[in-house]
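These are the residues of each chain, in order.
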Amino acid sequence: IVSDFLNYANPRPPKVILINLTQVLEDVVTLLKNDQVYNQSVNVVLDCPDERNFLKGDPQLFRQLIWNLSINALQAMSEGGELKISLKEAPGFFRENYQSKQPGIFLTVEDDGYGIEPSLKNKIFDPFFSTKEKGVGLGLAVVYKIVNQFDGYIGCKSKKPKGSCFEIYLPNSKALKEILV
């Protein structure tokens, strides 16, 4: 709890390098399936293009973003279901409160969990807000802060009583697409 709070309150400066997003996602899925929170009745689906996708940024921050969203999804699916993590390139991104003409990546983390009460959706990114009995309320606050460090967008669609989908757009004026050999 103390480490999470310190990371939220005083994050380390990001190390900006070229991140192989596909590899980071594959690594996180492997770690998830070996975590105590993972339930065998949850099917984790990773939907990435065959080619590798790259973004300039801090790989540890991106890993933390995916991890936090995925752990929340797993915790919301105690009865089982599907966790789908999707990644694709985007030429730009437009929502009511966010617009970017920069190319970047569009990431979704979608689950079949119990969803989010509509009255609580405006609070989910607030520090120390949690609906979990033993929750600290820093997971989504950290995700929100990371997305802001990337100058990106995060939004959540949720249907009570079944499922949530987090949408993340991370712009990258020098987004690259290559095949690793």
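### Concerning helix 2 (residues 21-33)
Right, on to step 1. With 13 residues, helix 2 extends 18 Å from end C-alpha to end C-alpha; this agrees with the ideal 18 Å at 1.5 Å per step.
Right, on to step 2. Along helix 2, the residues that are buried comprise L21, T22, V24, L25, V28, V29 and L32. End-on view of helix 2: buried residues confined to an arc of 160°, all on one side of the axis.
Right, on to step 3. The N-cap residue of helix 2 is N20: its side-chain oxygen and the backbone nitrogen of T22 are 3.3 Å apart.

### Description of the confidence of the model for the protein chain
Right, on to step 1. Confidence in the prediction of the protein chain, expressed as mean pLDDT, is 84, and 86% of residues score 70 or more.
Right, on to step 2. In this model, residues 173-181 is a region of pLDDT below 50 whose contacts with residues beyond four sequence positions or in other chains number 20 contacts.

### What about helix 4 (residues 139-149)?
Side chains three or four residues apart in an α-helix point the same way, a direct result of the helix having 3.6 residues per turn.
Right, on to step 1. Three or more residues of helix 4 are buried, namely L140, A141, V142, V143, I146 and V147.
Right, on to step 2. Trailing helix 4 by a residue or two, D151 shows a phi angle of about 60°, which is positive.

### Quick notes on the pairing of strand 3 (residues 52-57)
Right, on to step 1. Most of strand 3 sits inside the fold, with five of its six residues counted as buried.
Right, on to step 2. Note: strand 1 (residues 17-20) against strand 3, four bridges, orientation antiparallel. By the bridge assignment for strand 3, I19 is matched with L55.

### Here we look at the nonpolar core
Right, on to step 1. Residues F62, L65, L83, L107, F166 and I168 are the most contacted members of the largest nonpolar core, which totals 42 residues.
Right, on to step 2. Sort the elements by how many residues they give to this core and helix 3 (residues 59-75) lands first, with eight residues.
Right, on to step 3. Leave out the neighbours within four places in its chain, and L107 touches L25, F62, L65, I66, I85, S86, L87, F166, E167 and I168.
Right, on to step 4. In this structure, Y98, F106, Y153 and Y169 belong to the second largest nonpolar core, which totals six residues.

### A few points about the sheet that holds strand 2 (residues 42-47)
Two modes of strand pairing occur in sheets, parallel and antiparallel, and in both the strands are linked by backbone hydrogen bonds.
Right, on to step 1. Spatial ordering of the open sheet is given by 2-4-7-9-8, a layout of five strands whose pairing is mixed. If you trace the sheet from one side to the other, it starts and ends with strand 2 and strand 8 (153-158), each paired once. Averaged over neighbouring strand pairs, the angle between their axes works out to 10° when direction is ignored.
Right, on to step 2. Pairing geometry for strand 2 and strand 4 (residues 81-90), over six bridges, is parallel. Within strand 4, the residue paired with V42 across the bridge is G81.
Right, on to step 3. The sheet strands contacting helix 3 are strand 2, strand 4, strand 7 (104-111) and strand 9 (164-171), and the helix crosses strand 7 at an angle near 20°.
Right, on to step 4. Its contacts with the sheet put helix 4 on strand 8 and strand 9, and the angle it makes with strand 8 is roughly 140°.

### Re the pattern of salt bridges
Right, on to step 1. On inspection of all chains with the given rule, the structure shows two salt bridges.
Right, on to step 2. Close ionic contact of E167 with R95 constitutes a salt bridge, the shortest N to O distance being 3.1 Å. Linking E167 in strand 9 with R95 in strand 5 (residues 93-95), this pair joins segments that are 72 residues apart in sequence.
Right, on to step 3. Classification of R95 as partly exposed rests on a relative accessible area of 29%.
Right, on to step 4. Between K157 and E167 there is a salt bridge whose closest N-O contact spans 3.3 Å.

### Things to note about the environment of Y153
Right, on to step 1. Relative to the helices and strands, Y153 is located in strand 8.
Right, on to step 2. Relative accessible area serves as the criterion here: at 12%, Y153 is assigned to the buried category.
Right, on to step 3. When the C-alpha positions of Y153 and R95 are compared, they lie 8.9 Å apart, and in sequence the two are 58 residues distant.
Right, on to step 4. When near neighbours in sequence (up to four residues on either side) are disregarded, Y153 contacts F93, R95, N97, Y98, V147, E167, I168 and Y169.

Definitions and cut-offs
- Residues numbered from 1 in each chain as written.
- Predicted model: local features only at pLDDT ≥ 70, side-chain atom pairs only at ≥ 80, totals over all residues.
- Heavy atoms only, no water.
- Helix = DSSP H or I, 4+ residues; strand = E, 2+ residues; numbered from the N terminus.
- Expected span 1.5 Å × (residues − 1).
- Buried < 20%, exposed > 50% of the residue type's maximum accessible area, 1.4 Å probe, protein only.
- Arc of directions from axis to C-beta.
- Polar contact = N/O pair within 3.5 Å; in protein donor to acceptor, adjacent residues only side chain to side chain.
- pLDDT = per-residue confidence, 0-100.
- Contact = heavy atoms within 4.5 Å.
- Pairing = 2+ DSSP bridges.
- Core = buried A, V, L, I, M, F, W, Y, C linked by side-chain atoms within 4.5 Å.
- Axes fitted to C-alpha atoms, helices over the stretch in contact; angles between N-to-C directions.
- Salt bridge = Lys/Arg side-chain N within 4 Å of Asp/Glu carboxyl O.

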